[in-house]
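Remarks on the overall topology
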Amino acid sequence: MTLPDTSPTRPPADQSVDGAPFTWPTHTLEFGDAEHVLRVEPWGHDSVRVRAARHTIREDLPGALRPPAAPPDAEMHTLPDGGSTLTVGALRVEMSPSGRLRFVRSHDGRELLREADGHFAWPGPRQFTPAAAGGHRLEQRFAAYEGERFYGLGQRSHGRLDHRHMVLDLVQRNGEVSIPFALSSRGYGLLWNLPAVGRVEFAANQTRWVADAAEQIDYWITTAPDPAGILAHYADATGHAPVLPEWALGLWQSRLRYRTQDELLATAREYHRRNLPLSVIAVDYFHWPHLGDWRFDPTDWPDPAAMVAELESMGMRPLLSVWPSVSVLSENYATMRDERLLVGTVQGQPFQHVFPDAATGGEPLPVAFYDPTDARARDFLWSRLKRHYYDLGFRVWWLDACEPEMFPEQFAHLRYAAGPGPAVACLYPREHVRGVYEHMRAEGDSRDEVPVSLVRSAWAGSQAYGAALWSGDIPATFDALAAQIRAGLSAGLSGIPWWTTDIGGFHGGDPDDPGYRELLVRWFQFAVFCPLLRMHGHREPREGFSAGHSGGPNELWSYGSEAYDILDRQLRLREDLRPYVYELAVDAARFGTPMIRPLFLEFPADQQAWDIEDEFLCGPDLLIAPVTRLCDRRRTVYLPAGSDWTDAATGTTHRGGTMVQADAPLHRIPVYIRHGADLHVAFPD
């Protein structure tokens, strides 16, 4: 198979990060009045970019959009009333004489979206209010439509797939990943191309996008015949993910935490002895002397290179935890402070958070954060990662706490190389993973292997830099499991095809509790069909949070013989599925199609498919119905219209467009195979 070259080689258009302005001759709609100036220009197939500013459109502000490979075909016309139109393929933009915009399908004139005034007198659809932090508080208003649904928007913890009638903060938090891309059921996608802190309101009377402090409004809108086409345009605009490497499709083993090299190797050897296929095992945090040293403490990790070699001999790779935080005790702190490689503040105070340190017996100390929006800081971080990890054989990175996590949130207080905190803070996780990806690509022996980084946060375009998103520190409950289905689907609809979760939840879970054992089994059965399969969690008995803390066991054999037998069979099923999942990874790279999908992505003409949030498709051919309640042994499953479906366990075929009552014994969840699928997999009966 010849794989596509999906590495991000074209320069992004966020010029404050990536260099010289990008220009080409193009058709452009422009408008100006006493309040502001407006520009609308083609930006990819069936897509336009809209920018508005108080005085002048700037080209050097950070964002997610990449220039198209070539100027798209476009037509402009002036209307008799003084308005004008810009047509880019299937999308037509109509500008009124007063500068109001309306977006329609060019072939039939059907309205997709229109701007809406805040009031008949003032304000209009775009509002600029001076902000104390600099720039302006920006508002962009659009009309609300009866029955419209909104999908994507990153990864949310509220437990819904459709975001209509909700207010979403545009801010990065543990478990709340802000990617400001909305996929509408009306047939368009909209990217709010601002990394600013703010919010979006999908209200019954209007939709409103808000940036607390930024220089100019900037958004991108596209259309296509179906949702998959919209996602393909979005990938073209923000960057295609690479192809997920085959080695990453196996089991990832982790717990909080393996304290020593000997403890980690003992676990790896036991997996090997039991003939349980294991791809990755994690070296978690506190393996360092001080936060920000980015090196091993030799007391507990005396020979990491030998550890890597032994793991490789068993077919395993180590995953290495890297935090963006820098303690005042770190050997790198003074240099990074003096070279201005840390996130700054208005008052000059360099600390934004506190964190435990082994040198103080676990007492929290002030910490700062390196600034990945500064290329010099990315270079500095890599110099340490290379010397202390990469040169010892480490190649897989766990970019934990990369929001970054700080309490209290203080964005108005922060200053980055890319700009004021309120204007650019959401950019942090993308630039962090970008730095690791680009430096890994620059290393000669990694050219043939795609760098993979497990991340807890992301922004628009993170997918192009090998970001594998996991859903953060979530509860160990059945309600949390149900919410993960929606969270993973939302991430995929936001352009992030590589996604995973802590099997069993993160916070708690007693391995000896029968109820929790059932939860872990049901979670593992769900995760078998996710892009990545990852065991992690802080199990009981848990110690207090300190520099040396740990939790209970979290290996496949930790949950009793009945659970172990089920998990063993489910792991073998995942191994059988790996060729199929790899094909999905190739499609994700080529077309921007998520690996796990809501039913409507494959069956957009089936109106009922848009209502289903507790099932999903693993690729085009497998329908998965997770079990998300304790003691449930049957559940209702909707089979979308447009295909017949065969029960993978019984061989019974059902007509699409119907509800069925499916058996769900503890050892399996309902799985259905699409008619005509070429799958050679032995599913549990």
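What you see as residue numbers is a count from 1 along each chain, following the sequence as written. Given that this is a predicted model, residues contribute local features only at a pLDDT of at least 70 and side-chain atom pairs are listed and counted only at 80 or more, while totals for whole chains, interfaces and linings are drawn from all residues. Side-chain metrics rest on all non-hydrogen atoms present in the structure, leaving aside hydrogens and water.

**Regarding the nonpolar core**
Counting residues in hydrophobic clusters, the biggest one holds 176 residues, and the most contacted among them are W252, W397, F524, F529, L556, L622 and F683. Going along the chain from the N terminus, every DSSP run of H or I of four or more residues is numbered as a helix, and every run of E of two or more is numbered as a strand. No other element matches the 15 residues that helix α11 (residues 561–591) contributes to this core. Contact criterion: two residues are considered in contact whenever any of their non-hydrogen atoms come within 4.5 Å of each other. Contact partners of F529, with chain neighbours within four places excluded, come to L573, R574, L577, I596, F616, C618, L622, I624, I669, V671 and F683. What we call a nonpolar core is a set of buried Ala, Val, Leu, Ile, Met, Phe, Trp, Tyr and Cys residues that are connected through their side-chain atoms within 4.5 Å. Exposure classes here rest on a 1.4 Å probe applied to the protein chains alone. A residue is buried below 20% of its type maximum, exposed above 50%, and partly exposed in between. Formed by 42 residues, the second largest nonpolar core is a distinct cluster that contains L86, M95, Y145 and L190.

**Brief notes about helix α9 (residues 478–492)**
Its 15 residues give α9 an end-to-end C-alpha distance of 22 Å, which sits within 8% of 21 Å, the value for a rise of 1.5 Å per residue. Across the 15 residues that make up α9, a large majority, 14, are buried. To estimate the expected span of a helix, subtract one from its residue number and multiply by 1.5 Å.

**Quick word on the packing of aromatic side chains**
Only rings of Phe, Tyr and Trp enter the pairing, Trp through its six-membered ring, and a pair is recorded when the two centres are within 6.5 Å. The plane angle decides the type: under 30 degrees is stacked, over 60 is edge-to-face, the rest tilted. Tallied over the full model, the rule gives 35 aromatic pairs. Ring plane angle 90 degrees and centroid distance 6.2 Å describe the contact between F202 and W209, whose orientation is recorded as edge-to-face. Here the two residues F202 and W209 agree in accessibility, since each one is buried. Clustering of aromatic rings is evident, with ring pairs tying together F296, W301, W382, Y389, Y390, F394 and W397. For a ring to carry a charge above it, either NZ of a lysine or CZ of an arginine must fall within 6 Å of the ring centroid while also lying within 35 degrees of the normal to the ring plane. The ring of Y390 has R395 sitting right over it, with the charged end atom 3.6 Å from the ring centre.

**Regarding the environment of R384**
Note that R384 resides in helix α6 (residues 375–388). With near-sequence residues (within four places) excluded, R384 lies in contact with D293, W294, N332 and Y389.

**Digging into the sheet that holds strand β27 (residues 419–420)**
Paired strands, in this sense, are two strands between which DSSP finds at least two bridges. Strand order in the open sheet formed by 3 strands is β22-β26-β27, and the pairing between neighbours is antiparallel. Taken across any chain shown, the strands that pair with only one partner, and hence form the sheet edges, are β22 (344–345) and β27. Pairing between β22 and strand β26 (residues 414–416): 2 bridges, direction antiparallel. What sits directly across from T345, in β26, is L414.

**Some remarks on the sheet that holds strand β6 (residues 91–95)**
Reading across the sheet, the 5 strands line up as β4-β5-β6-β7-β8 and stay open at both edges, with antiparallel pairing between neighbours. The open sheet has two free edges, formed respectively by β4 (75–78) and β8 (111–114), since each of these has just one partner strand. Shown here is a sheet whose adjacent strand axes are inclined to one another by a mean of 15 degrees, direction ignored. The pairing of β4 with strand β5 (residues 84–88) spans 4 bridges and is antiparallel. Bridge pairing in β5 places M76 opposite L86. For helices, the fitted line uses only the C-alpha atoms of the stretch in contact; every axis is such a line through C-alpha atoms, and the angle between N-to-C directions lies from 0 to 180 degrees.

**A few points about the packing of α6 against helix α8 (residues 428–442)**
At their nearest, the axes of α6 and α8 sit 10 Å apart, and the two run at 55 degrees to each other. With respect to α8, the element α6 is oriented oblique. Seen from above, α6 lies across α8 with right-handed handedness. For the pair formed by α6 and α8, the contact residues are R378, D379, L381, W382 and L385 on the first element and E431, H432, R434, G435, V436, H439 and M440 on the second. Among the residues forming the contact of α6 with α8, the class breakdown is 5 nonpolar, 3 polar and 4 charged. The labels follow the angle: roughly parallel below 35 degrees, roughly antiparallel above 145, roughly perpendicular from 65 to 115, and oblique for the rest. By definition, turning the near helix anticlockwise from the far helix through less than a right angle yields a left-handed crossing, and turning it clockwise yields a right-handed one. Note on residue classes: Ala, Val, Leu, Ile, Met, Phe, Trp, Tyr, Cys and Pro are nonpolar, Asp, Glu, Lys and Arg are charged, and everything else, Gly too, is polar.

**Considering the confidence of the model for the chain**
Detail in the predicted coordinates should be disregarded across regions flagged by low pLDDT. In the predicted model, the chain carries a mean pLDDT of 94, and 95% of its residues have values of at least 70. Ranking the elements of the chain by mean pLDDT puts helix α1 (residues 15–18) last with 38 and strand β14 (residues 188–192) first with 99. Known as pLDDT, the predictor's per-residue confidence is scaled from 0 to 100. The low-confidence segment residues 1–20, where pLDDT is below 50, has 59 contacts with residues more than four positions distant or belonging to other chains.

**Examining the pattern of salt bridges**
By salt bridge we mean one thing: a side-chain nitrogen of Lys or Arg within 4 Å of a carboxyl oxygen of Asp or Glu. For the structure on display, the rule yields 55 salt bridges. Note that E602 is salt-bridged to R597, the shortest N-O span being 2.6 Å. With a relative accessible area of 24%, E602 lands in the partly exposed category. What makes R597 buried here is its relative accessible area of 4%.

**A word on the side chain of R141**
Structurally, R141 can be placed in strand β10 (residues 136–143). Polar contacts involving the side chain of R141 include one to the side chain of E139, which spans 2.8 Å. Apart from the residues within four sequence positions on either side, R141 is in contact with E115, A116, D117, G118, P123, G124, P125, Q127, Q206, T207 and R208. What qualifies as a polar contact is a pair of N or O atoms within 3.5 Å, subject to a donor-acceptor requirement within protein and to the restriction that residues adjacent in sequence count only when both atoms come from side chains.

**Section: the pairing of strand β25 (residues 396–399)**
Residue alternation in β25 divides its side chains into two sets, V396 and W398 and W397 and L399, and both sets are buried. Summarising the sheet, strand β20 (residues 317–322) and β25 pair through 4 bridges and their orientation is parallel. Considered in β25, the bridge of S321 is made with W398. Pairing analysis gives 3 bridges linking β25 to strand β28 (residues 453–455), with the strands arranged parallel. Along β28, the bridge assignment pairs L399 with V455.

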